[in-house]
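The residues making up each chain are set out below.
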Amino acid sequence: MTELYSPDEAQRLASRASLCRAAAWIAGVLGLILCVWLCTGVRPTNTVRRLIAVISVSTLTGWGVILLTCIGYRPLNGAARHIRRIETEEVSEYSGTMEKSELLFQIPGSITVQKVVLREGESSRTLHVDARKRRLLPDSGTRVRVRCRGSFITAFEVEP
């Protein structure tokens, strides 16, 4: 069976999230220190230049903190929490023909998910896969056996 999650993936993502959060804090503090330093050297002859410098540093620092938080920390932390949560779910196995939906949706504060419908005869079951892992799954119409935790596919095997 092909596993979609490695045993240390949650820890690795949490470490990267902490690194992004620390970088955001460091950038914010350094930007603040630089702005204070620029303000201490104001003279009547350099007022406009210093004002422009302080506004520029403040703006760039603010955007850096926003990007590190919104593009780095939050998604990585959400993915790590998701993996830890599904590790506590009950394991179940299903088999059938897989139909992948092209529709992706975001779980608020967590990961982006793709729906997968598993059809076995007359019955069908809707499962989910982390959108980052969707390319690992075989194409639609393939007969598979999947291992799930809750409604999330954690491993799969193509059946002959």
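Residues numbered from 1 in each chain as written. Predicted model: local features only at pLDDT ≥ 70, side-chain atom pairs only at ≥ 80, totals over all residues. Heavy atoms only, no water.

Asker: I'm lost on the domain arrangement of the protein chain in this one. Help?
Answerer: It is common to report an interface's size as the accessible area lost on association of the parts. Considered domain by domain, the protein chain is made up of domain 1 (2-86) and domain 2 (91-158). If you look at the interface, domain 1 gives 13 residues, while domain 2 gives 16 residues. Buried surface at the junction of domain 1 and domain 2, summed over both partners, amounts to about 1300 Å²; 53% is from carbon and sulfur atoms. At the boundary of domain 1 and domain 2, one finds 3 salt bridges. In this structure, Glu9 engages Arg132 in a salt bridge whose closest nitrogen and oxygen atoms are separated by 3.9 Å. Connecting domain 1 to domain 2 are 6 residue pairs in polar contact (both at pLDDT 80 or more). For the side of domain 1 that touches domain 2, the elements supplying multiple residues, two or more each, are strand E1 (2-3), helix H1 (9-40) and helix H2 (47-86). Per element, the largest residue contribution to the side of domain 1 that touches domain 2 is 7 residues, and it comes from H2. For the side of domain 1 that touches domain 2, the residue count by class is 6 nonpolar, 3 polar and 4 charged. (Domains from an automatic or database assignment. Contact = heavy atoms within 4.5 Å. Buried area = accessible area lost by both parts, 1.4 Å probe. Salt bridge = Lys/Arg side-chain N within 4 Å of Asp/Glu carboxyl O. Polar contact = N/O pair within 3.5 Å; in protein donor to acceptor, adjacent residues only side chain to side chain. Helix = DSSP H or I, 4+ residues; strand = E, 2+ residues; numbered from the N terminus. Nonpolar A, V, L, I, M, F, W, Y, C, P; charged D, E, K, R; others polar.)

Asker: Just to check I follow, could you spell out the nonpolar core for this structure?
Answerer: Among soluble globular proteins, nonpolar side chains are generally buried collectively. Ranked by internal contacts, the top residues of the largest apolar core, which has 26 residues, are Leu4, Leu137, Val146 and Ile153. Put simply, the parts of the chain that give this core at least two residues each are H1, H2, strand E3 (112-120), strand E4 (123-130), strand E5 (143-149) and strand E6 (152-158). Both domains that furnish three or more residues to this core are identified here as domain 1 (2-86) and domain 2 (91-158). (Core = buried A, V, L, I, M, F, W, Y, C linked by side-chain atoms within 4.5 Å. Buried < 20%, exposed > 50% of the residue type's maximum accessible area, 1.4 Å probe, protein only.)

Asker: I keep staring at the pairing of strand E2 (residues 91-106) and nothing clicks. Help me out?
Answerer: Walk down a regular strand and you will see the side chains alternate between the two sheet faces. Here E2 pairs with E5 via 7 bridges, running antiparallel. Among the inter-strand pairings, Tyr94 is bridged to a residue of E5, identified as Val146. With 7 bridges joining them, E2 and E3 adopt antiparallel strand pairing. Along E3, the bridge assignment pairs Met98 with Leu118. Adjacent in sequence and paired antiparallel, E2 and E3 are bridged by 5 residues, among which Gly109 carries a positive phi angle near 75°. (Pairing = 2+ DSSP bridges.)

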